[in-house]
Amino acid sequence: MSSPFQSPDIRGIFLLGATGYVGGQLLLSLAHDFPSLPVRALVRNISPSKVAQLQSLHPKLEVVEGSLSDVDVVEAEARKADVVIDVAVAGDTLSVNAIIRGLQQRIHSAIPTLSPIYIHMSGTGITGDNARGELIAPERLWVDTEFNLDYVKSKLLASACEAIIDAGESGKIRTMIVFPGLIYGVGPGLQKISLPHRAYLDLAAQAGHSGSFGPGRNISGFVHLNDVASAVSAVLKGALHGGKTGEKIGQGKEGIYFVLSKHMISMGEFSSIIGDTLFKQGLIAKPGFSPFAASIADKAGAFGYNIFGSSIFCRAERLTKELGWSAEHTEAESLYESLPKEIELAVKEMRLVFSK
């Protein structure tokens, strides 16, 4: 990691998603990169042990009781914050709109400081081709420096992103959206395994085998959890201090940041690693994978074929060009090395019972 920054005189960060998979790692990154900057985190079902766990990741953290559906709380906290970072549920438009309302009110407060910064996490799945597990030649390679949300307006997650970009068009709210690919790695926080991994495992337990959505030929880029957190931190550094040469970084329509390594994997290969791991543990009858039956795949809802059955052809350029970021943790610990460990841990934490 780089040396800590001395932040401008700002009142702190309001963080949504602190108890989640990315949120735990992000707290560590913020504590390292911005040690003097306090964080107020939205947390539901507060308990002393939960607060202690979060504060072990970031000693200057305070908790705010509430959930994403508590829009009055979200709006009030955003109104008081100079920086809002949302790594909770990417497509939750109610909380996104509450954040925007709060930041708009903050702009007109009696003692304004800097223009508020809003960093939101979505995902490259927004570009998915819905190939239903097939490998289809792409119509285009999505590059973040050329990306326009108008291309994917009908896709999942697009409405929340559209609201954020619209809010940033005046320049009074500085908006940036990060779009990670398939995230892997064991997290340090309360949620140690990613949601897609847990979803796959839950379906595998019901099916009695590791599976795919369609034949599993579709491919996706991936990135280590630590690199996702470092990317969010890098965007915040850039928003506060400028890019690697001191220039203003992209925001609004230009504030699109794909977070990816140079590596890709087919979802069949991904599912096969899961199947081999479960087989070695004696939890399923055969290694590898086979397509999920429709009765299982349909349980994933809209995200099933749209996300897990799509190929995602994206290239991240803006983070490197503007901020000098690189996916160094992905190179240090590969998905192939990490995924079996994640699956073993998730099976224990989820207490899954596998169909025979």
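Cut-off values and rules
- Residues numbered from 1 in each chain as written.
- Predicted model: local features only at pLDDT ≥ 70, side-chain atom pairs only at ≥ 80, totals over all residues.
- Heavy atoms only, no water.
- Buried < 20%, exposed > 50% of the residue type's maximum accessible area, 1.4 Å probe, protein only.
- Helix = DSSP H or I, 4+ residues; strand = E, 2+ residues; numbered from the N terminus.
- Arc of directions from axis to C-beta.
- Contact = heavy atoms within 4.5 Å.
- Pairing = 2+ DSSP bridges.
- Axes fitted to C-alpha atoms, helices over the stretch in contact; angles between N-to-C directions.
- Right-handed = clockwise from strand over helix to strand, strands pointing away.
- Salt bridge = Lys/Arg side-chain N within 4 Å of Asp/Glu carboxyl O.
- Parallel < 35°, antiparallel > 145°, perpendicular 65-115°, else oblique.
- Left-handed = near helix turned anticlockwise from the far one by under 90°.
- Polar contact = N/O pair within 3.5 Å; in protein donor to acceptor, adjacent residues only side chain to side chain.

Visitor: In this structure, what is going on with helix 3 (residues 71-80)? I would like to understand it.
Guide: Along an α-helix, residues three or four apart share an orientation, since each turn contains 3.6 residues. When we look at burial in helix 3, the residues that qualify are Val 74, Glu 75, Glu 77 and Ala 78. End-on view of helix 3: buried residues confined to an arc of 165°, all on one side of the axis. Buried-residue contacts for helix 3 involve strand 1 (13-16), strand 2 (39-43), strand 3 (61-65), strand 4 (83-86) and helix 4 (93-107).

Visitor: When you look at the sheet that holds strand 11 (residues 256-259) in this model, what are you seeing that I'm missing?
Guide: The strands making up a sheet are joined through hydrogen bonds of the backbone, oriented either antiparallel or parallel. The sheet built from seven strands is open, its strands ordered 3-2-1-4-5-7-11 with parallel pairing. The open sheet has two free edges, formed respectively by strand 3 and strand 11, since each of these has just one partner strand. In this sheet, neighbouring strand axes are inclined to one another by 20° on average, regardless of whether the strands run parallel or antiparallel. Relative to strand 5 (residues 117-121), strand 4 is paired through four bridges, and the arrangement is parallel. Within strand 5, the position partnered with Val 83 by the bridge is Ile 117. Packing of helix 7 (residues 225-241) onto the sheet brings it into contact with strand 1, strand 4, strand 5, strand 7 (174-180) and strand 11, and relative to strand 5 it is tilted by some 160°.

Visitor: Sorry, what's going on with the pairing of strand 2 here?
Guide: Working note: regular strand, side chains alternate between the two faces of the sheet. When you tally the buried positions in strand 2, you get four out of five residues, the bulk of the element. Judged from the four bridges that link them, strand 1 and strand 2 form a sheet pairing that is parallel. In the strand pairing of strand 2, Phe 14 is matched with Arg 40. Handedness of the crossover is the feature at issue here: the chain leaves strand 1, passes through helix 1 (residues 21-33), returns alongside strand 2, and the resulting connection is right-handed. Pairing geometry for strand 2 and strand 3, over five bridges, is parallel. From the neighbouring strand, Val 43 faces strand 3, where its bridge partner is Glu 65.

Visitor: I'm lost on the pattern of salt bridges in this one. Help?
Guide: For side chains of opposite charge, pairing can occur when their charged atoms come near one another. This model, assessed by the stated rule, comprises eleven salt bridges. Ionic pairing is found between Arg 101 and Glu 75, a salt bridge with its closest N-O pair at 2.9 Å. You can see Arg 101 sitting in helix 4 and its partner Glu 75 sitting in helix 3, a full 26 residues away along the chain. We note a salt bridge from Glu 322 to Arg 318, for which the minimum N-O separation is 3.4 Å. Of this pair, Glu 322 and Arg 318 both sit in helix 11 (residues 318-323), four residues apart, which is roughly one turn of the helix. Salt bridges linked by common partners bring Arg 40, Glu 62, Glu 77 and Lys 80 together as one network.

Visitor: Would you mind showing me how to read the pairing of strand 7 here?
Guide: For strand 7, the tally of buried residues reaches seven of seven residues, placing the bulk of the element in the interior. On strand 7, burial covers both faces: Arg 174, Met 176, Val 178 and Pro 180 on one face and Thr 175, Ile 177 and Phe 179 on the other are all buried. Two strands pair when backbone bridges link them, and strand 5 and strand 7 are joined in this way by five bridges, in the parallel orientation. Paired with Ile 119 across the bridge in strand 7 is Met 176.

Visitor: Looking at this model, I keep getting lost on the packing of helix 1 against helix 7. Mind explaining?
Guide: The contact between helix 1 and helix 7 brings their axes to 8 Å, and the two run at 50°. With respect to helix 7, the axis of helix 1 lies oblique. Considering only the axes of helix 1 and helix 7, their crossing is right-handed. Facing helix 1, whose interface residues are Tyr 21, Val 22, Gln 25, Leu 26, Ser 29, Leu 30 and Asp 33, helix 7 presents Leu 225, Asn 226, Val 228, Ala 229, Ser 230, Val 232, Ser 233, Leu 236 and Lys 237.

Visitor: Looking at this structure, I do not really get the side chain of Ser 210. What am I missing?
Guide: Here Ser 210 lies in the loop between helix 6 (195-207) and strand 9 (211-212). At 2.6 Å, the side chain of Ser 210 and the backbone oxygen of Ser 271 are in polar contact. Those residues within four positions of Ser 210 in sequence are excluded, and the remaining contacts are Ala 204, Ser 271, Ile 274, Gly 275, Ile 284, Gly 288, Phe 289, Ser 290 and Phe 292.

Visitor: I'm lost on unusual backbone geometry in this one. Help?
Guide: Glycine aside, negative phi is the norm for most residues, and most peptide bonds take the trans geometry. Residues other than glycine seldom take positive phi values, yet Asn 45 does so here, at roughly 50°. Looking at the element boundaries, Asn 45 is found in the loop between strand 2 and helix 2 (48-57). Exposure remark for Asn 45: the relative accessible area of 59% places this residue in the exposed category. The backbone of Arg 132 sits at a positive phi, close to 55°, despite the residue not being glycine. Within the secondary structure layout, Arg 132 lies in the loop between strand 5 and strand 6 (142-143).

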